[in-house]
Amino acid sequence: MESVLEKAVEVPASAPGRILLVDHDRPVREGLAAKLECEGHLIEFEEDGFKALDLLAAGNFDLVLWEVELPGLSGLDMLKRLRRDARLKHLPVLLISEGRDLDMVIRCIEAGADDYLSKPCNPALLKARIRTSMERKSLHDHERQLLSRFRTQQARINSELADAKTYLMSLLPPPLQEPFVADWRFIPSSELGGDCFGYHWIDEDHFALYLLDVCGHGVGSALLSVTVLNVLRSNALNGVDFRQPAEVLSAANRAFPMERQNNRYFTLWYGVYQRSTRKLTYSSGGHPPALLFPPGANEAKKLSTHGMMVGGLSFSQYTAESCEVPAGSRLFLFCDGAYEITLPEGRTYTIDELAGQLGKLPSNAPVDLDAILAQIRLLSGSSELEDDFSLITIQF
Amino acid sequence: MELTVITEHATYTHIAISGKLDIAGVAEIENHFIEVTAGRKVSAIIDVSGVTFTGSMGLRLFLRASKSLSQEKKKLILLDPQPMVNEVLVDSGIKGVVAVEKSLEAALALAQA
């Protein structure tokens, strides 16, 4: 991609420019023009102020020399109009004055004139002030070009991030209604974070559920996240029984060492629900615990095996644990972005507070994920969350 | 984030960090942190009692320094984490490779063991 900064060093040197000379005194105009044309400038004349403004608006001038006491449109009136016009407000203006009304000259400078010269103009002074003003304009024009280029590039990056988000969203599973309700909410952060998740039936009896979070933000994190997601959802780790969570984490740890992933590791919670036995087996690597609420309970069982972040160390060992899932239980699986939010008072919301909030949900109604998300946004004091927000719920 | 070097002893380094170890906080101290921990090739005691939050990039910072020091058979020791930070350390599994101590005496003993 073309670098804005690389271009930034190519500041154009000042060169002769196109100058509009506005003075009602013909001999003065011609005298000044002769001096300036010797410097290579292209000079155009006008003695009527309003016509001069039209010329400036229509033409591509680099500087205007304006007589302060011009009949019809004084230097001050001209400046007021010029500086209100977005196209002309940065045009260098040098005032020329008989020097009889110094207060007027001061007011003109305050109104945005770049400089002024007394008639008759000293050629060396005139040349120096024109050069300085045109160099300033040249720099300003260059800044505007850079800004324009930067905005174009930013728009392209935003567009590509939007494409990446769309692709990421397309990989996420649809909600389920049978044999249990599974649903989720996913709000990627503005820069795109590293969250991904999924669930699928491995066979008729085993249902896999997983959420991963690659450290850091941005496209680099999202690329690794999507790669791992595709591996998990297609059961694509050689020789691994995807019904065994500890095996999955161990194999992922071998397959994605952070030294080969641009120093990125990821956290992963992977569980398998066996329908015939109502047993949930899970393993976690660096990931926040999932929360299981048995029917009627308002306190959660934290499901975590406290394994090492995946890809962090080649020799990490992963274990699995199991629990019964009575009918009517609710499971919540989420990333740290679902609760690590800065509250208006400055402290960080905690997982226990999130668990408390989830425990208050009515047990006789479906889980309202939108209400939970709205509550998190309310707590953060912003609709724009700092990190990806991922929340999956299974209502058994 | 703030990073203060307390001691650069021949056999250990003692520093203190404070603030939020989120993406922005890590970016502020990362190079200096690596320089005074992994860069010195001696065990490092990091007083984290002033750290109010650590996210994934903070854990990555500790892991990076710890992995580098372990190649020299040296240790990275986190001193006196706040309860919430400690919970993140436990959940992340990083306690398997990064030592955590409550007192400076215990940390010094481990660093010089």
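This one's a predicted model, so the numbers in the text were calculated from it and none came from an experiment. (Residues numbered from 1 in each chain as written. Chains lettered and ligands numbered in written order. Predicted model: local features only at pLDDT ≥ 70, side-chain atom pairs only at ≥ 80, totals over all residues. Heavy atoms only, no water.)

Student: Explain the overall build of chain B to me, using residue names and the numbers behind them.
Tutor: Helices and strands together make up the secondary structure of chain B, namely four helices and five strands. Along the chain direction, N to C, the helices and strands of chain B fall in the order β-β-α-β-α-β-α-β-α. Taken against the 2.2 N^0.38 rule, which gives 13 Å for 113 residues, the C-alpha radius of gyration of chain B at 12 Å falls within 12% of a compact globule. Principal-axis analysis of the C-alpha atoms gives chain B an extent of 30 × 25 × 25 Å. (Helix = DSSP H or I, 4+ residues; strand = E, 2+ residues; numbered from the N terminus. Rg over C-alpha atoms; globule rule 2.2 N^0.38 Å.)

Student: Tell me about the overall build of chain A, residues and numbers included.
Tutor: Across its full length, chain A carries ten helices and 15 strands. Computed over its C-alpha atoms, the radius of gyration of chain A comes to 34 Å, more than 25% above the 21 Å expected for a compact globule of 396 residues. Judged by the C-alpha coordinates and their principal axes, chain A covers about 105 × 45 × 35 Å. Burial status across chain A gives 49% buried among its 396 residues. For chain A, restricting intrachain contacts to residue pairs at least 6 apart in sequence, the fraction spanning at least 24 positions comes to 65%. Surface exposure of chain A reaches about 18600 Å², of which carbon and sulfur atoms provide 51%. The positive charge centre, built from 40 side chains, and the negative charge centre, built from 54, are 2 Å apart in chain A. (Buried < 20%, exposed > 50% of the residue type's maximum accessible area, 1.4 Å probe, protein only. Contact = heavy atoms within 4.5 Å. Areas by Shrake-Rupley, 256 points an atom, 1.4 Å probe, with all protein chains shown as cover. Lys, Arg positive; Asp, Glu negative; His and termini not counted. Charge placed at Lys NZ, Arg CZ, Asp CG, Glu CD.)

Student: Let's hear about the environment of L147 of chain A: which residues, and what values?
Tutor: Turning to its location among the elements, L147 of chain A is positioned in helix 6 (residues 123–171). Separated by 61 residues in the primary sequence, L147 of chain A and A208 of chain A have C-alpha atoms spaced 49 Å apart.

Student: Can you explain the interface of chain B and chain A? Please cite residues and give values.
Tutor: Across the boundary between the two partners, chain B contributes 20 residues, which contact 28 residues of chain A. Of the roughly 1800 Å² buried between chain B and chain A on both sides combined, carbon and sulfur atoms contribute 59%. For K67 of chain B, the salt bridge identified is with E259 of chain A, shortest N-O distance 2.3 Å. Summed over the shared surface of chain B and chain A, the result is eight residue pairs in polar contact (both at pLDDT 80 or more). Among the elements of the structure, strand 3 (43–54), helix 2 (56–70) and helix 3 (83–92) of chain B are those that each provide at least two residues to the side of chain B that touches chain A. Residues that form the side of chain B that touches chain A fall into these classes: ten nonpolar, five polar and five charged. (Buried area = accessible area lost by both parts, 1.4 Å probe. Salt bridge = Lys/Arg side-chain N within 4 Å of Asp/Glu carboxyl O. Polar contact = N/O pair within 3.5 Å; in protein donor to acceptor, adjacent residues only side chain to side chain. Nonpolar A, V, L, I, M, F, W, Y, C, P; charged D, E, K, R; others polar.)

Student: Describe in detail the sheet that holds strand 15 (residues 389–395) of chain A, supporting the description with residues and values.
Tutor: Residues and elements named next belong to chain A. Strand order in the open sheet formed by five strands is 6-15-14-11-12, and the pairing between neighbours is antiparallel. In this open sheet, the two edge strands, each paired with only one partner strand, are strand 6 (181–187) and strand 12 (301–303). Neighbour to neighbour, the strand axes of the sheet diverge by 20° on average, direction disregarded. Sheet analysis places strand 11 (residues 290–293) next to strand 12, joined by three bridges and oriented antiparallel. When the bridges of strand 12 are listed, L291 appears paired with K302. (Pairing = 2+ DSSP bridges. Axes fitted to C-alpha atoms, helices over the stretch in contact; angles between N-to-C directions.)

Student: How would you explain the sheet that holds strand 10 (residues 279–285) of chain A if you had to name every residue and give the values?
Tutor: All names here are of chain A. On the basis of which strands lie adjacent, the open sheet formed by five strands has the order 7-8-9-10-13 and antiparallel pairing. Whereas interior strands pair on both sides, the edge strands pair on one side only; in this sheet they are strand 7 (195–201) and strand 13 (321–324). Taking the axes of each pair of neighbouring strands and ignoring which way they run, one obtains an average angle of 15° across the sheet. Pairing of strand 10 with strand 13 involves four bridges; the strand directions are antiparallel.

Student: Give me the lowdown on the packing of helix 1 (residues 23–36) of chain B against helix 2 of chain B, citing residues and values where you can.
Tutor: Residue and element names in this part refer to chain B. Remark: helix 1 packs on helix 2, axes separated minimally by 9 Å, with the N-to-C direction vectors making an angle of 15°. Classified by the interaxial angle, the pair formed by helix 1 and helix 2 is roughly parallel. Crossing angle aside, the handedness with which helix 1 passes helix 2 is right-handed. Each of I23, V26, I29, E30, F33 and I34 in helix 1 lies in contact with helix 2, whose residues at this interface are M57, G58, R60, L61, F62, R64 and A65. A per-class count over the contact of helix 1 with helix 2 returns nine nonpolar, one polar and three charged. (Parallel < 35°, antiparallel > 145°, perpendicular 65-115°, else oblique. Left-handed = near helix turned anticlockwise from the far one by under 90°.)

Student: Run through the environment of S304 of chain A, naming residues and quoting values.
Tutor: Among the secondary structure elements, S304 of chain A is positioned in the loop between strand 12 and strand 13. With 16 residues separating them along the chain, S304 of chain A and A320 of chain A place their C-alpha atoms 8.8 Å apart. Once residues lying within four places of it in the same chain are set aside, the contact partners of S304 of chain A are Y282, S284, H287, P289 and E321 of chain A together with D91 of chain B. A distance of 3.2 Å separates a polar atom in the side chain of S304 of chain A from a polar atom in the side chain of S284 of chain A. Looking at S304 of chain A, its side chain comes within polar contact range of the main-chain nitrogen of H306 of chain A, at 3.1 Å.

Student: Could you give an account of the pattern of salt bridges, with specific residues and numbers?
Tutor: Opposite charge on two side chains lets them pair, provided their charged atoms get close. Summed over the entire model, instances satisfying the criterion amount to 23 salt bridges over all chains. Note that R60 of chain B is salt-bridged to E30 of chain B, the shortest N-O span being 3.7 Å. A residue pair is termed long-range when its members are at least 10 positions apart, and R60 of chain B in helix 2 and E30 of chain B in helix 1 qualify at 30 residues. A residue is classified by how much of its surface remains accessible, and R60 of chain B, at 13% relative accessible area, is buried. Take E30 of chain B: its relative accessible area is 16%, and that puts it in the buried class. Salt bridges here are not isolated pairs; linked through shared partners, they connect D62, K137 and D141 of chain A.

Student: An account of the side chain of D205 of chain A is needed here, citing residue identities and associated values.
Tutor: Residue and element names in this part refer to chain A. Here D205 shows up in the loop between strand 7 and strand 8 (206–214). An unpaired buried charge is present at D205: no salt bridge exists, and R275, the closest side chain of opposite charge, is 4.9 Å distant. A distance of 2.7 Å separates polar atoms of two side chains, one belonging to D205 and the other to S276.

Student: An account of the state of the cysteines is requested, with residue identities and associated values reported.
Tutor: Summed over all chains, the structure comprises zero disulfides over all chains. C196 of chain A forms no disulfide, and the closest cysteine sulfur to it belongs to C335 of chain A, at a distance of 11 Å. (Disulfide = S-S within 2.5 Å.)

Student: How would you sum up the packing of aromatic side chains? Please name residues and give values.
Tutor: A complete count under the given rule lists 15 aromatic pairs over all chains for this structure. Put simply, the rings of F180, Y199, W201, F207, Y273 and F396 of chain A pair up and form one aromatic cluster. When the ring centre of F61 of chain A is taken as origin, the NZ or CZ atom of R18 of chain A, which lies over that ring, is 4.1 Å away. Positioned over the ring face of F53 of chain B is K20 of chain B, at 5.6 Å from the centre of the ring. (Phe/Tyr/Trp six-rings, centres within 6.5 Å; stacked < 30°, edge-to-face > 60°. Lys NZ or Arg CZ within 6 Å of the ring centre and 35° of its normal.)

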